[in-house]
Amino acid sequence: MTRDVRALQTVGKATRYAGAILLMLIILIPFLWMISTSLSSVKAAYSLPPNWIPRHLNWEHYLYVLTVQNVFQYFLNSVEISVSITVGQLVFCAMAAYAFARLTFPGQKVLFALIISSLMIPLQVTIVPVFILMKWLHLLNTRGSLILPALSSAFGVFFLRQFFLTVPRELSESAKIDGAGNFTIFSRIFLPVSTAALSALAVFTFLYFWNELLRPLIFLDSQSKKTLPLFILLLRSMNGGGDATEVMAGAAIAILPIFVVFLFAQRYIVEGIVMTGIKG
Amino acid sequence: MNYRNTEMIGKSLEGQGRARKLTAKHRDWFDAYLFLAPTLLIFLVFVFGPLVSSLVISFYKWNLLSFSQRTFVGFRHFASLFAGHSSARFYLIYGNTLLFVAAEIILFLLVGLLCAMLLNYQFKRPMQYVLRVGYFLPLVTSTAIVAGIWAFLLNTNLGIVNYYLGVIGIQPVPWLNNPYWAKASVIIFDVWKNFGFYTLVFLAGLQNIPGYLYEAAEIDGASSFYKLRRITLPMLSPTTFFLLVIGFINSVQLFDSPYVLTDGTPGDSTRTVVMLIYQDAFQNFDLGKASAVAMTLFAVILLGSIGQFIGQRRWVYYG
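It should be emphasised that the depicted structure is a prediction, and the values quoted were computed from it without experimental measurement.

Asks: I keep staring at the overall build of chain B and nothing clicks. Help me out?
Replies: On a plain count of helices and strands, chain B comes out with 14 helices and 2 strands. Computed over C-alpha atoms, the radius of gyration of chain B comes to 27 Å, more than 25% over the 20 Å expected from 2.2 N^0.38 for 319 residues, which places it beyond the range of a compact globule. In terms of overall dimensions, chain B has a C-alpha envelope of 85 × 70 × 40 Å along the principal axes. Split into buried and exposed, the 319 residues of chain B put 36% on the buried side.

Asks: When you look at the overall build of chain A in this model, what are you seeing that I'm missing?
Replies: Each helix and strand counted, chain A has 15 helices and 0 strands in total. Whereas a compact globule of 280 residues would reach a radius of gyration of roughly 19 Å, chain A reaches 24 Å, over 25% beyond that. Across its three principal directions, the C-alpha atoms of chain A cover 75 × 75 × 30 Å. Here the analysis covers contacts within chain A between residues at least 6 apart in sequence; of these, 75% occur between residues at least 24 apart.

Asks: Explain the packing of helix H4 (residues 87-119) of chain B against helix H11 (residues 237-252) of chain B here, please?
Replies: What describes two packed helices is the angle between their axes and the distance between those same axes. Residues and elements named next belong to chain B. Interaxial distance between H4 and H11 falls to 9 Å at its minimum, and their mutual angle equals 145 degrees. Once H4 is placed against H11, the crossing between them reads as right-handed. Side by side, H4 and H11 meet where Thr97, Phe100, Val101, Glu104, Ile105, Phe108 and Leu109 of the first sit next to Thr240, Leu243, Leu244, Gly247, Phe248, Ser251 and Val252 of the second. Taken together, the residues of the contact of H4 with H11 sort by class into 9 nonpolar, 4 polar and 1 charged.

Asks: Looking at this model, I keep getting lost on the environment of A:Gln69. Mind explaining?
Replies: Relative to the helices and strands, A:Gln69 resides in the loop between helix H3 (60-68) and helix H4 (71-102). The spatial distance from the C-alpha of A:Gln69 to the C-alpha of A:Leu235 is 8.8 Å, given a sequence separation of 166 residues.

Asks: Just to check I follow, could you spell out the nonpolar core for this structure?
Replies: Across soluble globular proteins, you tend to see nonpolar side chains buried next to one another. Formed by 147 residues in total, the largest nonpolar core has its most connected members in A:Ala96, A:Leu160, A:Ile232, A:Ala251 and B:Ile277. With 13 residues, the top contributor of residues to this core is H4(A). Those residues within four positions of A:Ile232 in sequence are excluded, and the remaining contacts are A:Val247, A:Gly250, A:Ala251, A:Ala254, B:Ala144, B:Ile145 and B:Gly148.

Asks: What is the right way to read the domain arrangement of chain A from this model?
Replies: A common way to report how large an interface is uses the accessible area buried once the components associate. Residue and element names in this part refer to chain A. For chain A, the assigned domains read domain 1 (2-58) and domain 2 (63-279). In this structure, domain 1 and domain 2 have C-alpha centres spaced 34 Å apart. Each partner contributes residues to the interface: domain 1 has 8 residues there, and domain 2 has 7 residues. When residues of the side of domain 1 that touches domain 2 are traced back to their parent elements, those giving at least two are helix H1 (2-38) and helix H2 (42-45).

Asks: What am I meant to see in the environment of A:Arg55 here?
Replies: Residue and element names in this part refer to chain A. In this structure, Arg55 sits in the loop between H2 and H3. Exposure remark for Arg55: the 9 C-beta atoms within 10 Å place this residue in the exposed category. For the pair Arg55 and Ser41, spaced 14 residues apart in sequence, the C-alpha separation works out to 9.1 Å.

Asks: Before we go on, may I ask you to explain unusual backbone geometry in this structure?
Replies: The phi torsion of most residues other than glycine is negative, and most of the peptide bonds are trans. Note that the residue after B:Thr265, namely B:Pro266, is joined by a cis bond; omega there is -10 degrees. Take B:Pro266: it is sitting in the loop between helix H12 (256-261) and helix H13 (273-282). Even without being a glycine, A:Asn141 presents a positive backbone phi close to 65 degrees. Along the polypeptide, A:Asn141 turns up in the loop between helix H6 (127-136) and helix H7 (144-147).

Asks: Hey, could you run me through the interface of chain A and chain B in this one?
Replies: Listed by partner, the interface residues are 72 residues for chain A and 71 residues for chain B. It is H1(A) that contributes the most residues to the side of chain A that touches chain B, 10 residues altogether. Tallied by class, residues from the side of chain A that touches chain B come to 59 nonpolar, 11 polar and 2 charged.

Asks: Got a minute to help me understand the domain arrangement of chain B in this structure?
Replies: Split by domain assignment, chain B resolves into domain 1 (3-57) and domain 2 (76-315). Just the C-alpha atoms count here: the centres of domain 1 of chain B and domain 2 of chain B sit 41 Å apart.

Asks: I'm lost on the confidence of the model for chain B in this one. Help?
Replies: It should be kept in mind that the predicted coordinates are not to be read in detail where pLDDT is low. The share of residues in chain B with pLDDT of 70 or more is 93%, and the mean pLDDT across the chain is 89. Here the prediction assigns the complex a pTM of 0.89, and the interface score ipTM is 0.89.

Asks: Sorry if this is basic, but what is going on with helix H8 (residues 154-164) of chain A here?
Replies: Because each turn of an α-helix spans 3.6 residues, side chains separated by three or four positions in sequence point in the same direction. Counted residue by residue, H8(A) has 10 buried out of 11 residues, so it is predominantly covered. All buried positions along H8(A) are accounted for by A:Ala154, A:Phe155, A:Gly156, A:Val157, A:Phe158, A:Phe159, A:Leu160, A:Arg161, A:Phe163 and A:Phe164.

Asks: Looking at this structure, how should I read the environment of B:Leu137?
Replies: By the element assignment, B:Leu137 lies in helix H5 (residues 125-140). Dropping the residues within four chain positions of it, B:Leu137 is found in contact with A:Leu28, A:Phe31 and A:Phe262.

Rules and cut-offs
- Residues numbered from 1 in each chain as written.
- Chains lettered and ligands numbered in written order.
- Predicted model: local features only at pLDDT ≥ 70, side-chain atom pairs only at ≥ 80, totals over all residues.
- Helix = DSSP H or I, 4+ residues; strand = E, 2+ residues; numbered from the N terminus.
- Rg over C-alpha atoms; globule rule 2.2 N^0.38 Å.
- Buried ≥ 20, exposed ≤ 12 C-beta atoms within 10 Å, placed from the backbone.
- Contact = placed C-beta atoms within 7 Å.
- Axes fitted to C-alpha atoms, helices over the stretch in contact; angles between N-to-C directions.
- Left-handed = near helix turned anticlockwise from the far one by under 90°.
- Nonpolar A, V, L, I, M, F, W, Y, C, P; charged D, E, K, R; others polar.
- Core = buried A, V, L, I, M, F, W, Y, C linked by C-beta atoms within 7 Å.
- Domains from an automatic or database assignment.
- pLDDT = per-residue confidence, 0-100.

What follows is the structure, encoded as structure tokens:
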């Protein structure tokens, strides 16, 4: 009897493992094809059935993307834009969240409701006036046009406020009696105890803006300013439809930094997404 | 400083009269506005200002190329969208968008939940790690980049998808070249790209369901279907509601994947509302019409969100 149950459990466990692995491989097919194609010769890349393992490793497409196309420039642009936005959001959203979570002031409820209601105003709705504004400010085709409007977000303010509400009042009250001002309490108490929430917001914000397409597509004009997603569109548009090998080498290089970070900080990133997801 | 000391100082402060208290209060007011200033400024200049401007611009004929000339046209853009010569295309594109919204929300929730149930298990250490990387890699990569990969995979004659379908005897599918299949391609791609988020949130939801509920049901001899129907799904309803709201707001703004996969083709069969705004404003330079379309999208998001919050009372179970 117990032996039967145990056998049944082993079978159940094996099916679960097999199912999970099989599904994972199916999910990963596009990435596997990307790597295999980027390393194939142009001729082999289009052959059917596909050669999943290239006979010779052709690094020439990577060389082409790295040198002729200067992918590094696009990479730096992406880094500069997403890092600036992430740092800005951490600072400004945390400040606003502190005011909403810990201070009382006239207009508090109205301002908070206003900021929360803007969750229903996606940037696509306001993209035309924002574009005109950037034109007036002579910021079109600059990284600033992407960075400035994104330096704070309703989501970030709301998310951090929810977290700050859970910080025990005793912590800040005793500091206050010691004569600490709000700025000290914010920077010495709230920021240090909120590293989990801050890093979750950082992960979420960085990924969002690293992957963003619409605003860079509209605001950035010259090649030297463009970001990695735009670079892939550029590669695809060359030679009428793009050469699969070169596009895949470009895609692999563009995905690599995120993939490496994901490998090392996987648990952290996954928890960050869950945290922003659940509390948001 | 121990607790008693704090209390004593607190009492002595109270005794020091109103003036001091008032200044402390004003100090907090001042600090609050100071802390809020950057966020409020950004929201005023880049969110609320533009929202109002968008409404105003929608009443004007305004071409990006003759930027200094504007003519007031009242509701003409709206009239043309809803009943005039732009209306057929406008309704077609809204139809596409709402179809994407409905299909994607259903599939996001379904696939997300199924994968969460598959992964809700104590896998051995390295396996756990490998699975997490594998399942959530699409989620952390850029839509524009991975859609670029998919465009090759889905190619009718050269793509590997049709090749392997051919191996099992299925005729080549015109994935990106037929109005129906193109829609299906966008939906399949988006599910592949985004299901990870729904899986992650459902996983967290599943792990929050107390084990004793299942144990009690097992003692009563409940079937697994019964447990799913009577315990898992009701306990997940707040999570589901949250994901429904997120799913609606995200898919109603769909742009990246159809833009890269099909650019709205064939015809307008995969064009979405945001693609229409983009095309009107930045390819046809018609700022007034683009703003009018943007205002309709805002109205849809507003009504959809309010509708969901009213509807939730009927089915969301808050323990």
